[in-house]
Amino acid sequence: MAEFNSFEAFELDVLKEVGNIGAGNAATALSKLLNKPVDMAVPKVSLLPFEEIAELVGGAEQIVLAVFLRVEGEAPGNMFFIIEELSAKRMLNQLLSIRHGEEESGYSEMELSALCEIGNILAGSYLSSLADFTQLPMVPSVPAIAHDMAGAILSYGLMQYGEMGDSALLIETTFLEDHQSLEGHFFLIPDPGSFGKIFKSLGVGQE
């Protein structure tokens, strides 16, 4: 099985290209949905150990919003779009034109639905890009959204689907709106063995 630090430069370049194409597709899809131009920065793409995900978003006890999807198909896995609260509130206000005070602690059903749809579009765009590159069928489940501690959200994914792979593909997603950046963290966590299938389909050996 591929360990997170065993990926070579070519493999990382392929994953970065997947991120770039996915971001372009996501910006186009969001522009159509919102009927306004949506700009996204070139995403930063990297690999990290699964156990570092919570630390990256502020620690296991950090309250976040997370959109979760299960990937079914030839290279199954889990996908999370995790947004820190300040970015989520600014996303609602600036990107979606939904007024939400930064001091407010809760979210309405409409607000959660809007954020879930953004996560769904991003996930679908990145997954479609990866499927095009690999020619492997990969289908996302219906998304779910949670407002909870980062550690609890990741633990829920583990409980639902058993052991996750030890490597996560991180695509740092940044929307550009009114000279401000709105950031989110998109993670693809293939099941054990799925990274090997992905790179085998590209003619790159990973055991």
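An account of the accompanying structure is given in this report. (Residues numbered from 1 in each chain as written. Predicted model: local features only at pLDDT ≥ 70, side-chain atom pairs only at ≥ 80, totals over all residues. Heavy atoms only, no water.)

### Side note on helix α4 (residues 109–134)
Now for step 1: Along its 26 residues, α4 runs 37 Å from first to last C-alpha, staying within 8% of the 38 Å computed at 1.5 Å per residue.
Now for step 2: Following α4 by one or two positions, Q135 adopts a phi angle in the positive range, close to 60°. (Helix = DSSP H or I, 4+ residues; strand = E, 2+ residues; numbered from the N terminus. Expected span 1.5 Å × (residues − 1).)

### Section: empty space enclosed by the protein
It is the rolling of a water-molecule-sized probe over the atoms that shows where space remains empty.
Now for step 1: Applying the stated criterion across every chain, the model contains three cavities of 30 Å³ or more.
Now for step 2: The set of elements that each furnish at least two residues to the lining of the second largest cavity consists of α4, β7 (167–177) and β8 (180–190).
Now for step 3: Of the residues belonging to the lining of the second largest cavity, the class tally is nine nonpolar, no polar and no charged. (1 Å grid on protein atoms, 1.4 Å probe; cavity = no way out; pocket = protein on both sides within 12 Å on 5 of 7 lines; lining within 4 Å. Points joined across faces, edges and corners; volume = space filled by probe spheres on them. Nonpolar A, V, L, I, M, F, W, Y, C, P; charged D, E, K, R; others polar.)

### Quick look at the environment of M91
Now for step 1: Here M91 is to be found in helix α3 (residues 85–95).
Now for step 2: Look at M91 and you get buried, because its relative accessible area is 0%.
Now for step 3: With 90 residues separating them along the chain, M91 and S181 place their C-alpha atoms 9.4 Å apart.
Now for step 4: In this structure M91 touches I83, L96, L115, I118, F175, L182 and E183, once residues within four positions along its chain are discounted. (Buried < 20%, exposed > 50% of the residue type's maximum accessible area, 1.4 Å probe, protein only. Contact = heavy atoms within 4.5 Å.)

### Focus on the nonpolar core
Now for step 1: Judged by nonpolar contacts, the single largest core of 47 residues is most densely connected at M40, I118 and F175.
Now for step 2: Ranked by residues supplied to this core, first place goes to α4 with 11 residues.
Now for step 3: Setting aside residues no more than four positions away along its own chain, F175 makes contact with L30, V38, D39, M40, M91, L95, I118, L122, Q180, S181 and L182. (Core = buried A, V, L, I, M, F, W, Y, C linked by side-chain atoms within 4.5 Å.)

### Quick word on helix α1 (residues 9–34)
Now for step 1: End to end, α1 covers 37 Å across 26 residues, agreeing with the expected 38 Å (1.5 Å per residue, within 8%).
Now for step 2: Those residues of α1 hidden inside the fold are in contact with β1 (39–40), β2 (44–49), α4, β7 and α6 (194–201).
Now for step 3: Once α1 ends, the next one or two residues include N35, with phi positive near 55°.

### Observations regarding the environment of T134
Now for step 1: Within the secondary structure layout, T134 lies in helix α4.
Now for step 2: For T134, a relative accessible area of 4% gives the class buried.
Now for step 3: Taking C-alpha positions, T134 is 10.0 Å from A75, a pair spaced 59 residues apart along the chain.
Now for step 4: Setting aside chain neighbours within four positions, we find T134 in contact with I198, S201 and L202.

### A few points about the pairing of β8
Now for step 1: Of all the 11 residues making up β8, eight are buried; the element is thus mostly covered by neighbouring parts of the structure.
Now for step 2: In this structure, strand β4 (residues 77–84) lies alongside β8, joined through six bridges in antiparallel fashion. By the bridge assignment, F80 is partnered in β8 with F187.
Now for step 3: Here β7 runs beside β8; their pairing, made up of nine bridges, is antiparallel. Counted as the bridge partner of E172 is H185 from β8. (Pairing = 2+ DSSP bridges.)

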